[in-house]
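A structural walkthrough
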Amino acid sequence: MHSLDRFAQAKLDDLKSRHLHRQLTGTFREDGIWVERGGRRLLSFSCNDYLNLTQHAAIKQAAVAAIERYGAGSGASRLVTGNHPLYAELETRLARIKQTEAAVVFGSGYLANAGIIPVFIGAAGLVLIDELAHACLFAGAQLSRGTVMTFRHNDVAHARELLAEHRAAYDHAMLITDGVFSMDGDLAPVAALNALAEEYDAWLMTDDAHGLGVVGGGRGSSFVGNTHIDVPLQMGTLSKAVGAYGGYLCASAAAIDLVRNRARTLIYSTGLPPSCVAASIAALDLIEREPAYAALPVQKAKAFTSALGLPDAQSPIVPIIVGEADAALKASQMLADEGFLVAAIRPPTVPAGTSRLRFTFTAQHPDEEIARLAATVRERVLAQ
Ligand SMILES: *Cc1c(COP(=O)(O)O)cnc(C)c1O
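Fair warning: this is a prediction, and the values are worked out from it, not measured in the lab.

Comments concerning the overall build of the protein chain
Helix and strand counts for the protein chain come out as 14 helices and 14 strands. Rg of the C-alpha trace for the protein chain: 21 Å, near the compact-globule value of 21 Å for 384 residues, within the 12% margin. Of the roughly 16,900 Å² that the protein chain leaves accessible, carbon and sulfur atoms contribute 53%. Within the protein chain, the 39 negative side-chain charges are centred at a point lying 5 Å from the centre of the 34 positive side-chain charges.

Things to note about the nonpolar core
Nonpolar side chains in soluble globular proteins tend to be buried together. Judged by nonpolar contacts, the single largest core of 40 residues is most densely connected at Leu51, Leu53, Leu90, Leu94, Val105 and Leu284. Of all the secondary structure elements, the ones that give two or more residues to this core are α2 (57-70), α3 (86-98), β4 (102-106), β10 (247-251) and α10 (274-289). Among the elements that take part in this core, α10 stands out by supplying ten residues, more than any other. Looking at which domains feed residues into this core, each of domain 1 (20-49 + 295-382) and domain 2 (58-289) supplies at least three. Among residues more than four places away in sequence, those in contact with Leu53 are Ile59, Ala241, Val242, Ala283, Leu286, Ile287 and Tyr293. Grouped together as the second largest cluster of nonpolar side chains are 26 residues, Ile121, Ala141, Leu249 and Ile256 included.

Description of the packing of helix α12 (residues 296-308) against helix α14 (residues 367-382)
Packed helices, taken two at a time, are described by their axes: the angle between them and the distance between them. The N-to-C vectors of α12 and α14 enclose an angle of 40°; their axes lie 9 Å apart at closest approach. Relative to α14, the crossing made by α12 is right-handed. Only Asp367, Ile370, Leu373, Ala374, Val377, Arg378 and Leu382 of α14 make contact with α12, whose side of the interface consists of Lys300, Phe304, Ala307 and Leu308. For the contact of α12 with α14, a count of residues per class yields eight nonpolar, no polar and three charged.

A word on the sheet that holds strand β1 (residues 28-29)
One open sheet holds the four strands; their spatial order is β1-β2-β3-β12, and the pairing between them is mixed. Looking at the sheet topology across the chains shown, the edges are occupied by β1 and β12 (340-341). Alignment of strand β3 (residues 40-44) against β12, held across two bridges, turns out to be parallel. When the bridges of β12 are listed, Leu43 appears paired with Phe340.

Let's talk about the sheet that holds strand β5 (residues 126-130)
Strand order in the open sheet formed by seven strands is β4-β10-β9-β8-β7-β5-β6, and the pairing between neighbours is mixed. Strands at the two margins of the open sheet, each flanked by one partner only, are β4 and β6 (147-151). Sheet twist, expressed as the average angle between the axes of neighbouring strands with direction ignored, equals 20°. Bridging between β4 and β10 involves five bridges; their strand directions are antiparallel. The residue bridging Ala103 from the neighbouring strand is Cys250, located in β10. In the packing of α3 onto the sheet, the strands contacted are β4, β9 (233-237) and β10, and the crossing angle to β4 comes to about 125°. The strands touched by helix α7 (residues 190-199) are β6, β7 (173-178) and β8 (203-207); relative to β8, the strand with the most contacts, the crossing angle is about 155°.

Structural notes on the domain arrangement of the protein chain
Many structure descriptions define interface size as the accessible area lost when the parts assemble. Per the domain assignment, the segments making up the protein chain are domain 1 (20-49 + 295-382) and domain 2 (58-289). Taking only C-alpha atoms into account, the centre of domain 1 sits 26 Å from that of domain 2. Each partner contributes to the interface: domain 1 provides 15 residues, whereas domain 2 provides 15 residues. Overall, the association of domain 1 and domain 2 removes approximately 1,100 Å² of surface from exposure, summing both partners, and the carbon and sulfur fraction of that is 62%. Considering only the side of domain 1, the residues that lose the most area to domain 2 are Asn48, Gln314 and Ile317, jointly responsible for 39% of the buried surface there. Linking domain 1 with domain 2 are one salt bridge. Two residues, Arg356 and Asp184, come together in a salt bridge whose shortest N-O distance is 3.0 Å. If you look at where domain 1 meets domain 2, you find four residue pairs in polar contact (both at pLDDT 80 or more). Counting residues per element, the ones that place at least two in the side of domain 1 that touches domain 2 are α12, β11 (317-323) and β14 (355-360). Its residues assigned to classes, the side of domain 1 that touches domain 2 shows eight nonpolar, four polar and three charged.

Rules used throughout
Residues numbered from 1 in each chain as written. Predicted model: local features only at pLDDT ≥ 70, side-chain atom pairs only at ≥ 80, totals over all residues. Heavy atoms only, no water. Helix = DSSP H or I, 4+ residues; strand = E, 2+ residues; numbered from the N terminus. Rg over C-alpha atoms; globule rule 2.2 N^0.38 Å. Areas by Shrake-Rupley, 256 points an atom, 1.4 Å probe, with all protein chains shown as cover. Lys, Arg positive; Asp, Glu negative; His and termini not counted. Charge placed at Lys NZ, Arg CZ, Asp CG, Glu CD. Core = buried A, V, L, I, M, F, W, Y, C linked by side-chain atoms within 4.5 Å. Buried < 20%, exposed > 50% of the residue type's maximum accessible area, 1.4 Å probe, protein only. Domains from an automatic or database assignment. Contact = heavy atoms within 4.5 Å. Axes fitted to C-alpha atoms, helices over the stretch in contact; angles between N-to-C directions. Left-handed = near helix turned anticlockwise from the far one by under 90°. Nonpolar A, V, L, I, M, F, W, Y, C, P; charged D, E, K, R; others polar. Pairing = 2+ DSSP bridges. Buried area = accessible area lost by both parts, 1.4 Å probe. Salt bridge = Lys/Arg side-chain N within 4 Å of Asp/Glu carboxyl O. Polar contact = N/O pair within 3.5 Å; in protein donor to acceptor, adjacent residues only side chain to side chain.

In structure tokens, the structure reads:
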């Protein structure tokens, strides 16, 4: 056997022995909520398509029209010839929703985070990041070559201790958190973190991948509770509630101009297909126009948590922690047998011993199916 295959096989055997091997399963998403998998039709509680906009007729039509007009791909980096005319409109829209001076769109959320952090932090800088923040924020932090420290989840006092002790030794500092935590569904204390960052001349960056379109009237985690917190770096994705693909940063004009000049994942990567940009614009139209629709996913999640006597959902994401990876897989399989698609989330996506079922709720989930799901979970998961 070739040494490469020997290496791969040994790694795979190890993953399998720990129930951590993953497989790509062909999934046909029929509409916003029903999927077909392995010949079975399942109701999905695992898509991040919170507003079911991936399947919205007018949004799909906008994408088709953009393909007809501008082509299937963008042909080059945005800095060369890939900056088709739709980009400017999307960036103006994003800045308006987030109430910032400017915005810049990346190829994906992952690319955004991998590119943004190294623009602002170098080898003499400090990155303080919530321990449960998304993997691509850690990737961006590592790429910056600065010193990376984690603070305990949502623990502002711990972040303060670290800043008090270490801030002075570094030229610049960033404080980084998910706005809505992707695997836990809770919200970051954005106002407190922003005040803390101001106090220590650190720059707060929030990742609102699961905030835009669903919390804060659809504007995201800086707008929860009818306030507006002036977070200097607000990042997010166009691939979840917006239903298309791409990442973005909203910030001041100077910060955005610097990102356009320095973010390597923007400069050295091809621009998005025009269809993604057009679909995103059409989706943002809908989100701005219909805040009541944008409120539905959280309402549906709250119906589920209240039926189970769990703490009130704060976002469309509800985790039920099972513990070990194989137990989470078994629970997911049991729900599939009942007609529900609920993915088991295992390490390294979540810390060891916290494998879980992760439920995501969307605007169009029927209430009676949510009730049936809650009853099944009560009898077959929580009673175990
Ligand atoms: C999904 C996600 C990303 C990555 O966004 P993509 O556009 O899918 O690459 C970044 N951050 C968080 C918190 C996410 O959940």
